[in-house]
Structures are given as C-alpha cells and as structure tokens.
Amino acid sequence: MCGPASRNKPSMKGGVLKSNTMWRFGRKTGTGVIRRRSCGAQKDVYHKLRPAVAQKKVHFSLPPGDFSGVRKTGPFLFPDRWISNHGSAQSSSSACFNMRLFCSGTSNKDPIEIHKHRLMLWFSHLPQEEKQFGGYFSPETMHVDPLILEKNPEEGRGLSISPFKENISKSNSLAIEQIFDSSQNGNQGRGLNVLLYGAVGTGKSTVVRKLVLDWCAGSTLSQFKLMVPFSCEDLCHLSKPTSLRDLVGRKYMHLRKTPFLSGDSDQAREVLFIFNGMEKMKLDFRIGSSELCSDPNEALSSGAVVVNLLRKYLLPEASILVTTRLSAVDRIPKKYVSRYAQICGFNDPDRQRAYFTSRLLLQSGEKPGKDAESLIEMLYLNLQRESQLAAACFLPSYCWLTCATLHFLHFTDAKAPIRTLTGIYTSFLRLNFGGEVLASGDMSSQEYQTSLMLYVVRTVGKLAFDGVTNKRTYFTEKDLEQWIGGKTKTDEELQQLAVFRTDVLDFFLVPCVEHSRKVTESGEKRYVFAIPAMQEYLAALYVVLGENKNALEKVTKQVSEVVGQASEDITSIMSILSKLIPLRIFAIFNLLKLFPKLSERVSNLSKGRIASTMAAEMFRSEDSFNEDVLDQVEQNLLGVQGPQPEQEADTRSFELYPIFMGGLLHYGNRRLLDQLGCDIKSTTVVQITRSLKKQLVRESHKQLPPAELMDLLVLLYEFQNPRLTAEVLQSVKVINLSTVRMTPLKCFVLSSLLDCTPSSFLLDELNLSSCHITPELLHMLWPTFHNTHCLNLQFNSLDPESCILLRDLLLESNCTVKTLQLCDNSLLDRGATHLLDALPGNQSLQKLSLMHSGLGDRAALELAARLGQHTGLQELNVAYNNIGDNAAIALVDACREHPSIHTVHLYLNQLTDVGKQSLHVRGVPQEKGGRRVKVLASVTEGSDISEDWHPILSVITKNSLSWERERVREQLLVFLKDLEWGRKQHLSFWKKLHFRRVESVVRQTLRMLDKGSATGTKPASK
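Now for a description of the structure that goes with this document. (Residues numbered from 1 in each chain as written. Predicted model: local features only at pLDDT ≥ 70, side-chain atom pairs only at ≥ 80, totals over all residues. Heavy atoms only, no water.)

The next point concerns the overall build of the protein. Helix and strand counts for the protein stand at 37 helices and 21 strands. Expressed as a percentage of its 1022 residues, the buried residues of the protein come to 55%. Partitioning the intrachain contacts of the protein with sequence separation of at least 6 by distance along the chain shows that 79% fall at a separation of at least 24. Of the accessible surface of the protein, which amounts to about 44,800 Å², a share of 52% is contributed by carbon and sulfur atoms. (Helix = DSSP H or I, 4+ residues; strand = E, 2+ residues; numbered from the N terminus. Buried < 20%, exposed > 50% of the residue type's maximum accessible area, 1.4 Å probe, protein only. Contact = heavy atoms within 4.5 Å. Areas by Shrake-Rupley, 256 points an atom, 1.4 Å probe, with all protein chains shown as cover.)

Written out as structure tokens, the structure is:
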C-alpha cells in the first residue's frame, strides 16, 4: 500500500480511486496468504473427518501441462498452467479439493461424459494474463480461425514456409474440422495421422484448444467418441516405462478401464489422440531404438509409445493429431504422415479486424462504447495501409500484444488490476516461451540445454541493444549474421542456432514492408522488429541482465571466482602452518582475499553505469520536444492520421528503452523472467535503484518540459517502487503537465504516484491546463487535488456537473487549494452555483478564476450575494463572460464590502462605456483610508490609461487564438477606439506617446488574429 493510511480520501464512483492500495507487487498480499491457508486447512479437516473419501480409488486425474497459455499464444485461450507435474494454477489446491468431491459423487456416470465435462472445465480456464482485462473474455467470443493450408507431403523442405511470405495461395485452405475428413483416407482400415505445424505464435495450441472445446460441446468431430490430448513436454519428462493404457489412466484416471483402448476389434477407430508440441520430444523411428509393439498394455518409454502409434503398429485404427514447430516437421518420416497442414496465422486485415473487434469491444461488461469502436476503426485503417503492424499481426500472438497494449492505454481505470507496459511485454514472452529450452543431443541431458529466452536475449537482445545504441531500427542480413550467427561454434551450438533461426528468429525480426526502406542501396534486404517497442524491451533486458559487460568486467569476474575459491583453501592451509611455524610471511596470502573485493567494486560500478544510462536516455535534450512516450506507443499501433514528414532512421528516439529498464526491476516482472530462465538478482536491483534515485532526484529539480515530466512519471509507475517514488517526488514542487493529452491511463499513473507521498507533501502548483480533461477523467484525478496549493484546470472540457466534485474538494476539512483556475470550461450559471455552495465551509481558497466559463448576470448576482460567506478570497476573475452593467456593478459593490478581495477581472464582458466608468468609480475608495478594489474592466479609465492595461492585454494576447475570434476582435476594436479618443483629450507629448504604445500592442494582437485566420488555425473546441 502506498502512502499513509491516515490520508482521508472517500470512495468515489465513476473511476475514482477507492483507497490507497494503488500498487501491487508480485508477492501475495496478506489476504491472499490467509485465503490459501484457509483452503489448505479446510482440505485437511475434510480428509480427517471423511477418511473414506481419501481411500477411494476414484481420484481426480490431471491433464498434461503444456496446453496452457503459459507458453502458447494465438488468442491465448489456454489455461494458465494445468495442474500437472510441472506446475499448478494459483487456485490448484482448492480446485483439486473440489474436483475430488465431484469425482466421488459422480462415479456412476459414463466415463466419456465425465471426460468431456472435465476437458471442458480445464480448457475453458482463462490464463492469468487474460484475467488482467477484467475477466470478460471467453473462448466463444475471442476465437478467430487462422488460415490453415493443406500441404503436399512431396514438397519436402518447402513445407516450412514463413507466415510472412507474400502471396500465400488460399486455394488449398481448410477448416480445422476438415483435416480428419474420412474421404481423404486411402486406407479405410487405418486412422489418419495429421501433422499440424506452424511458426511460433501462429496459434497451434489455440486451434487445438478450440477443437477440444468444440468436441466436448458436440459441435465438431462427432465421428470420434473419445479424444485424448497429451502434452509432449509432459511426456518427455516421464522416465519410467509405461503402457499406453497406463499412460492414459495416469493422466485421465476415469479412462483407465475404457474399452476404446483395449485393442479389441476396431473400437479405436473412434479415438483421436492429440500430441501438442512434438518438437519437445526426440522421437526415434529406427527399429533398433524403438521396438515394435502392438499391445496397449506393454510398458514402453513414452517416446516408443508415440512412435508405435504413429507407425500404426499400436492401435492402427486410431487417428492422431500432432502439432509441432517448423524445425521439427521432418522428424516424423513422411510415410507415417497422412496429411500435412500449416497454420499461417491471420494473413489478411479482415481476420485481424475480427480478432481486434472480438477483444476490444468486450473491454467491459457493458455495451461497447464509441471509444472502442473508433479505436478499432483507426486500427483497421492502419492495417489497410500495409504498415509494419499489419505484417506483425500475421501472428495471432502479436494481435494479442496489440490488444493488450491498447487496452492498457485506453481502458485503464481504478477498478482494473494493476498493469504496466513492462508487465504486458514480460507476460507476452512468458506466454510464448515460458519454461522452454534449446536442446541439442540428448533431451534429458542438461549439458546441452539453454533457456530459450536467455538465448534470445544474448542474440536478438544484443542486436536490439546495438540498434538502440546507434539509433537504428533497420538491420541487414550482415547484421543478423554478426550478432546472431556469431563466431565459429561447436556442432551442438550450431544445431541450437539452426533450430533458433527456423523457429524463433522470424518471431522477432520480419522483413521491412516500407517501400522506401525495403532494401539498402546495395540491394540487401532489411529487417525490423515486428513491434518497435520489442526492440527497446529486449535491449533493456540485455542491459539489466548484465550481458553488455566489457572485457575488464568479464575477466575480473572469472578471475575473481577462481582466485576467491583458491584463496579459501590456501588461507586454511596457511592458518594451520602458521601455528606450527609462526612466520609473519604467511600473512601475505591474505592479499588473495582482496581480488574478490576488487571484483565486487567493479560490479558495483557496472550497476551504477546502468542507472546512469537510464537517466541519460530518459532526459536526452534532443527528445525534449517529442510527445510523451505513451502517445508514441499509441501512434506506433494506430498510425498518424494525415500527412507525416519523412523521418530518417538515425533520428528515431528510443524513450521506452529506459522505462523498460526500470520496469524490469519490479519484483513481479523479475519473478516472471525467472520462469523464463532470466534471473535478475535482488542485490543488482538494490544497487541500480540506489544509484538511480540520485540521478532522478537531481533531474527532478530541473524545470522539465511537460512531455518529459510525463515520461518521468511513467518511469516511476513502471518501477512500482513506492519508496523510490516518494523520495523522488519530494524534490518536485511544480507538476506542469500543460498540453499533455491526458488519458485514463495517465490520470491513473499521476494519481497512483501522488498517493505514495506522505500526507504532508504539497505541491506549489498542479498545472493540468489544456489536457483534454473530461468529467470522467476529473473523477480519476480527484485524489491528486489534495496535494497542491494551486490547481490549474483551465482550457479543458469540464461541464457544470464537474463543479460538484470540485465543491466537495473545497468542502473537505483538510483542503489545501488556495488558487483554483477554471478558465475556458463550459461551467455556465449552474456550475457556478455548485461552486458557491462551497464558500461557507472553505477556509483555504484565495484566488478563483472563472474567466470564459459561460457565466451570465444570474451567476454574477448570486456571486455578489454570497461573497460575504467566505472571508479569505482575495482575487476574483470573471472576465470574458456574458455579464452586463448592473450585475457587474453589484459584484464590484460586494467586493468593495468584502474584507480581503483586492482585484476583480471584468474585461471582455457585455459592458457599456458608462458601465465601465461606473465600475472604475466604485473601485476607488469613497473616503480617505478606505479600501481600494482593482476593477480590471478596460485598458482605459475615462480619458486615462488603466494602470492594469498590461495584464489585461497579456491575457487576451495569450488566449486570442483559442477564443472566439470575432468577439475578441470586436472588443479589441473597442479598446482601440477608446485609446484613440483618450489620446485626443491630452495635450502632453508623453501622455500621447504612452497612448500610442498601448495602441501598438492592441494593433499587434489584431494582426495576430488576422494571421491566424489566414493560415486556417482554428480556435480550440469546447
């Protein structure tokens, strides 16, 4: 929990943050721990009270663990990680307990029906990554069929084509339920062996998952009465020989006695086996390695069981569906494959649009809003432009990433789970590569196994880091060979590289589709990262993992480990000898202990350099005038509407790079990366954080541009470290986000960060002018208004009902707002009435600005009548409204009787010359020693120039292009006429010169208005 618990912030509706629990860490909260312990206790009590249940032989069997969304993508409909030998979902204990009760109560049911019911439950489970969107998604609403092409077995190596290959023929496309069409089976006595293959992220597991769910529902593959899915990753870890029937019974205990697997007659004709992820198994079809076996009760290795099924020696009538990646297509001999089918993903914008529509229109449980519909339209337009995004979205995985990012940018609110951009990308990689290794030789040998994600970081991440360092987004084949091919390798390393190039490289790097940059000047093809932000993420991960060590650091670490280990042994021996031979020369061996300390010092300097890199990349002067980083992410996905200037590759900014570096240090992301084989030590995080805090505190003292300040806030939010946030913000006195386009996400970020500060923290000013703030966003920002003396909300889109929220703010007993600026908001008389209700109960407000807010005489008269209820107000601005002479005079009279008001702004109202003169007279004290109230109604006071002419014209000049130009022009012409008349009334040369000086400022403002009209500059819409 961020911030002190004593801060009083009532719960609000419509997106207002309900409490201080803004930050969420990877560790379980106390409530979660209690809940899990209670479940465990309940389970133990149940088994103590009902021991007979535990002794029954009807148990809940667990499915294979690799059909889950932890690794597989597509639309990511697979369960998180099935409860298996390799892991469990968070609610596995309670789920298992409930399932066992179900088993004991349904033992008399048909085993096939039980099997269907449980498969439906398991495969319908949404992974944790889907729950972050609110839990509104389901397989029926999200699934879009990818393109599946039937391939001729004689094509050989041509089977392994990339999904990014252009002009894919659709003439031989087929639906997934058509792949087991019996008319295509030449041998009616045998079942079909179908090999379904595709690149990483094309949706193999998602298609299989949907196939299983449809079979359970009875809507497809009705010719099969039994479907048995297996995970090859699970099977390859089975070391004990087992028979086919025991293997099925081990995973699905309710099928242990099913007659479909007995081998009698041809009952196996109605059985479909599914082996998902065959690339995980090293299948050997040689007779000498995998003996022939036709007995489903004979114990064999798991690989031999699968091989005999594919040979059609074991249960030849059964049909088999095998899914695999491109590199493993040739592992099964062609003679054992009846049909090849390749998944090519979403190869056209219509499929992509169908997927985006199914997800983004279901961003909440309510009816889809116009924002979601317009978002889809903009996204579809960008896809139709043959943009780089359209090429990336061939892979359903990147469609998921695009939807997750847009959902994060546009539909974040206080009620949604805490999400970060770094967390989305980390989850994306975990879904695709969680737990995978690159293996060569024996699969069971750890010697030739490398974490796939760590291999990605050391190759593709190194390429990404080189691109970020040299400000490049385009790479040639020579670059790929240099950074990914590397130096001469051993046979095992070359084998790993070949698999990596075939299966994984195209997932990250795709050919450039921009016509002007497809090839280099020498005709060499160029490659780019499928999603631009992925380059920055991998580069950040490469740095945070410490893979960019220089030669000194690498040598120092290696020597330190050797010397450190040797010094312990030598010191032990010398300590024994020194007791027998007390020679002080033995003390020289203690010098060996210094080298590990030197290595640690070098390591600390390296961590400090990482923090310095983050700060340097964060506050680059050439990026000061760019849009904030969240808007840049959105433009990369939705494109830029209208013409855009050509931008050279070397001008590309990488502002997400330092933000990802900060986000990767968060505990939740480090925990996910640890599952990927990328370990970031806690000591490393502490050292980087300590150095980074100094850098950020120093930069926060500077007056940062609004967009750069927003980037700093995003960095702190991605870091998810409340203590660091509080210490950095303590040095900030003004938060100026003027002209930053505020979105729900940015409002949530600002509110979350300020909620981490202590209750005593106060800003001198919170400037949110021209930020496109709507009443809905005002609700999200409401908690931040407790941390400032000056609240600037001018030039936004607030309505009269917004004043109710501001009234409640002013009525709070601990309200600290002294200046409230609401200029250029359509508040009208009704909104002013709501604000005036706060005057009796507020003690802090000193300046109130309601300029150009649509006020009329009624609001002015009510304001005059109620001013006496607030004794602390000092300045009132109601300029540029629709106030007439009588209401203005009444207001000035009330201000004159007020004990503290000294200035009233009334210029650009519907005032006559007589009214202006009367206002001037009423502002002058009537008796000696009386109070004088400044009345700013015009640049002239009778025949003299007002002493406040300069602030009046400054305000008008500053806002003239955003106000109604004809009205401003009309008022300026009146000012000019009054100045010319006053100049003629004076004979003094100096007086005339002063009048001409003021006239020149008015004429200059008129010329600026004319120039704005000529260039077509439109006033800001209200």
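What follows is about the nonpolar core. For soluble globular proteins, the rule of thumb is that nonpolar side chains tend to be buried together. Core analysis: the largest hydrophobic core is formed by 182 residues, its most contacted members being Phe508, Met534 and Phe785. In this structure Phe785 touches Leu766, Leu768, Leu778, Leu791, Leu793, Leu806, Leu809 and Val817, once residues within four positions along its chain are discounted. Counting residues in each nonpolar core, the second largest holds 71 residues, with Ala199, Leu283, Leu309 and Leu326 among its members. (Core = buried A, V, L, I, M, F, W, Y, C linked by side-chain atoms within 4.5 Å.)

Notably, Leu315 is not glycine yet its phi reads approximately 45 degrees, a positive angle. Along the chain, Leu315 turns up in the loop between α10 (302-310) and β5 (319-324). Leu315 gets classed as buried once you look at its relative accessible area, which sits at 4%. Here Gln720, not a glycine, exhibits a phi torsion of approximately 55 degrees, which is positive.

This paragraph deals with helix α17 (residues 477-485). Turning to α17, its buried residues number three or more, namely Asp479, Leu480, Ile484 and Gly485. Taken together, the buried residues of α17 touch α16 (452-469), β9 (475-476), α18 (491-508), β10 (509-511) and β11 (526-529).

With parallel pairing, eight strands are arranged side by side in an open sheet as β12-β13-β14-β15-β16-β17-β18-β19. Each of the sheet's edge strands pairs with one partner strand only, and the pair in question is β12 (734-736) and β19 (934-936). Neighbour-to-neighbour, the strand axes of this sheet turn through a mean angle of 10 degrees, independent of strand direction. Pairing analysis gives four bridges linking strand β13 (residues 763-767) to strand β14 (residues 788-792), with the strands arranged parallel. Note that in β14 the partner of Leu763 across the bridge is Thr788. (Pairing = 2+ DSSP bridges. Axes fitted to C-alpha atoms, helices over the stretch in contact; angles between N-to-C directions.)

With five of five residues buried, strand β2 (residues 193-197) lies mostly within the body of the structure. Side chains of β2 alternate between two faces, with Asn193, Leu195 and Tyr197 and Val194 and Leu196 buried alike. Inspection of the sheet shows β2 paired to β5 by five bridges, in the parallel sense. What sits directly across from Tyr197, in β5, is Thr324. The pairing of β2 with strand β6 (residues 339-343) spans four bridges and is parallel. By the bridge assignment for β6, Leu196 is matched with Ala341.

Within strand β4 (residues 271-276), six of the six residues are buried, which leaves the element mostly enclosed by the surrounding structure. Across the two faces of β4 the burial is the same, with Val271, Phe273 and Phe275 and Leu272, Ile274 and Asn276 all buried. Across six bridges, the pairing between strand β3 (residues 226-231) and β4 is parallel. Counted as the bridge partner of Met227 is Leu272 from β4. For β4 and β5, the ladder comprises four bridges, and the chain directions are parallel. Considered in β5, the bridge of Phe273 is made with Ile320. With α10 bridging β4 and the parallel β5, this β-α-β connection has right-handed handedness. (Right-handed = clockwise from strand over helix to strand, strands pointing away.)

What follows concerns the packing of aromatic side chains. Here the structure, examined in full by the defined rule, presents 23 aromatic pairs. Note on Phe346 and Tyr355: the rings are 5.7 Å apart at their centroids and 40 degrees apart in plane angle, and the pair reads as tilted. Pair check on accessibility: Phe346 and Tyr355 agree, each one buried. Arranged with centres 5.8 Å apart and planes meeting at 20 degrees, the rings of Phe433 and Phe508 form a pair that is stacked. One end of the pair, Phe433, is in helix α15 (residues 421-433); the other, Phe508, is in helix α18, with 75 residues separating them in the sequence. When its relative accessible area of 0% is taken as the criterion, Phe433 is described as buried. One aromatic cluster is present, formed by Tyr398, Trp400, Phe428, Phe433, Phe507 and Phe508 through successive ring pairs. Above the plane of the ring of Trp215 lies Lys116, whose end atom (NZ or CZ) is 4.9 Å from the centre. Taking the ring centre of Tyr380 as reference, the NZ or CZ of Arg353 above it sits at 4.3 Å. (Phe/Tyr/Trp six-rings, centres within 6.5 Å; stacked < 30°, edge-to-face > 60°. Lys NZ or Arg CZ within 6 Å of the ring centre and 35° of its normal.)

One pass over the full model with this rule turns up 32 salt bridges. One salt bridge in this structure joins Asp466 and Arg472, with 2.7 Å as the shortest N-O distance. Taking relative accessible area as the criterion, Asp466 reaches 14% and is therefore assigned buried. A salt bridge links Glu727 to Lys693, with the nearest nitrogen and oxygen atoms 3.2 Å apart. With a gap of 34 residues between them, Glu727 in helix α27 (residues 722-729) and Lys693 in helix α25 (residues 682-700) connect regions that are remote in the sequence. Taking the relative accessible area as the measure of exposure, Lys693 reaches 28% and is therefore partly exposed. Among the ionic contacts, a cluster of salt bridges with common partners joins Asp628, Asp631, Glu634, Arg741 and Lys746. (Salt bridge = Lys/Arg side-chain N within 4 Å of Asp/Glu carboxyl O.)

Here Ser387 lies in the loop between α12 (370-384) and α13 (388-392). Residues Ser387 and Asn636, 249 residues apart in the sequence, show an inter-C-alpha distance of 9.9 Å. Beyond its immediate stretch of four places on either side in the chain, Ser387 contacts Asn382 and Val513.

Before going further, it helps to spend a moment on the packing of α12 against helix α22 (residues 629-638). For the pair α12 and α22, interaxial distance at closest approach is 8 Å and the crossing angle is 60 degrees. One element, α12, and the other, α22, form an angle in the oblique class. For the pair formed by α12 and α22, the contact residues are Leu375, Met378, Leu379 and Asn382 on the first element and Asn636, Leu637 and Leu638 on the second. Partitioning the contact of α12 with α22 into residue classes produces five nonpolar, two polar and no charged. (Parallel < 35°, antiparallel > 145°, perpendicular 65-115°, else oblique. Nonpolar A, V, L, I, M, F, W, Y, C, P; charged D, E, K, R; others polar.)

A surface patch of nonpolar side chains, amounting to about 290 Å² of accessible area, comprises Ile287, Leu292 and Tyr313. Position of Leu292 relative to the elements: it lies in the loop between β4 and α10. (Patch = residues over 30% accessible without salt bridge, like charges linked within 9 Å, V, L, I, M, F, W, Y side chains within 5 Å.)

Spatially, six strands are ordered β1-β6-β2-β5-β4-β3 in an open sheet, and the strand pairing comes out mixed. Every other strand in the sheet has two partners, leaving β1 (148-151) and β3 as the edge strands with one partner each. Between one strand and the next, the sheet's axes are offset by a mean angle of 20 degrees, whatever the strand orientation. Where helix α7 (residues 204-217) meets the sheet, its contacts fall on β2, β3, β4, β5 and β6, and the angle it forms with β3 comes to roughly 155 degrees.

So, about α22. Most of α22 is tucked away, with eight of its ten residues classed as buried. Looking only at α22, the buried set comprises Val629, Leu630, Asp631, Gln632, Val633, Glu634, Leu637 and Leu638. Between the side-chain oxygen at the start of α22 and the backbone nitrogen of Leu630 there is a gap of 3.2 Å, and the oxygen is on Asp628. Directly beyond the C-terminal end of α22, a positive phi value near 80 degrees is found at Gly639. (Polar contact = N/O pair within 3.5 Å; in protein donor to acceptor, adjacent residues only side chain to side chain.)

With respect to the helices and strands, the residue Lys251 is situated in helix α9 (residues 244-251). Lys251 sits in the buried class, given a relative accessible area of 4%. Expressed as a C-alpha distance, the spacing of Lys251 and Pro229, which sit 22 residues apart in the sequence, is 9.5 Å.

What follows is about the packing of α25 against α27. Running from N to C, α25 and α27 point in directions that differ by 30 degrees, and their axes come no closer than 9 Å. When the axes of α25 and α27 are compared, the pair comes out roughly parallel. For the element pair α25 and α27, the recorded crossing hand is right-handed. From α25, Thr689, Lys693, Leu696, Val697 and Ser700 reach across to α27, where they touch Leu724, Glu727 and Val728. Of the residues that constitute the contact of α25 with α27, the class distribution is four nonpolar, two polar and two charged. (Left-handed = near helix turned anticlockwise from the far one by under 90°.)

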